[in-house]
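Examination of the molecular architecture
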Amino acid sequence: MPLSEAQGACFRLCTGREEAPAGGFGEVTVVAGARAGKDSRIAAPIVVYEAVFGGHESHLTKGERGCSHW
């Protein structure tokens, strides 16, 4: 999704770049203290999104069934 004007301004301020890469980013760094919600507010939604929309079934071999183990 494209950045909003406010998000673009924050991106430019924090990175010194004029434009965000078109392909997005492969990783994120979060600076947050203990009990800041890193698992529940950041990691869990990413895991759910990847499970539903990630297209990871192409990495399974014939006969394998994708499942998650928590």
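The rules behind each value
Residues numbered from 1 in each chain as written. Predicted model: local features only at pLDDT ≥ 70, side-chain atom pairs only at ≥ 80, totals over all residues. Heavy atoms only, no water. Helix = DSSP H or I, 4+ residues; strand = E, 2+ residues; numbered from the N terminus. Buried < 20%, exposed > 50% of the residue type's maximum accessible area, 1.4 Å probe, protein only. Contact = heavy atoms within 4.5 Å. Polar contact = N/O pair within 3.5 Å; in protein donor to acceptor, adjacent residues only side chain to side chain. Phe/Tyr/Trp six-rings, centres within 6.5 Å; stacked < 30°, edge-to-face > 60°. Salt bridge = Lys/Arg side-chain N within 4 Å of Asp/Glu carboxyl O. Patch = residues over 30% accessible without salt bridge, like charges linked within 9 Å, V, L, I, M, F, W, Y side chains within 5 Å. Areas by Shrake-Rupley, 256 points an atom, 1.4 Å probe, with all protein chains shown as cover.

This paragraph deals with the overall build of the protein. Along the backbone of the protein there are two helices and zero strands. Referenced to the eigenvectors of the C-alpha coordinate spread, the extents of the protein come out at roughly 50 × 35 × 15 Å. Buried residues in the protein amount to 4% of all 70 residues.

We now examine the environment of Lys-38. With respect to the helices, strands and loops of the structure, Lys-38 is situated in helix 2 (residues 38-53). Its relative accessible area of 34% is what places Lys-38 among the partly exposed residues. Once residues lying within four places of it in the same chain are set aside, the contact partners of Lys-38 are Ala-32, Gly-33 and Ala-43. A polar side-chain atom of Lys-38 sits 2.8 Å from the main-chain carbonyl oxygen of Gly-33.

A few words now on the packing of aromatic side chains. Under the defined criterion, the tally for this structure stands at two aromatic pairs. For the pair Tyr-49 and Phe-53, a centre-to-centre distance of 5.2 Å together with 45° between the ring planes defines the contact as tilted. Here the residue Tyr-49 and the residue Phe-53 both occupy positions in helix 2, the gap between them amounting to four residues, near one helical turn. The exposure class of Tyr-49 is partly exposed, given its relative accessible area of 48%.

On to unusual backbone geometry, then. Positioned with a positive phi, Arg-35 is a non-glycine residue whose angle comes to about 60°. Looking at where Arg-35 falls in the secondary structure, it is placed in the loop between helix 1 (5-15) and helix 2.

Okay, the pattern of salt bridges next. Going through the model one piece at a time under the given rule, you end up with one salt bridge. A salt bridge links Arg-12 to Glu-5; the shortest N-O distance between them is 3.1 Å. According to the relative accessible area criterion, Glu-5 is exposed, its value standing at 61%.

Turning our eyes to something else, we now look at a nonpolar patch on the surface. The grouping of Val-28, Val-30, Ile-42 and Ile-46 at the surface amounts to a nonpolar patch, some 330 Å² of accessible area in total. Summarising the element assignment, Ile-42 is placed in helix 2.

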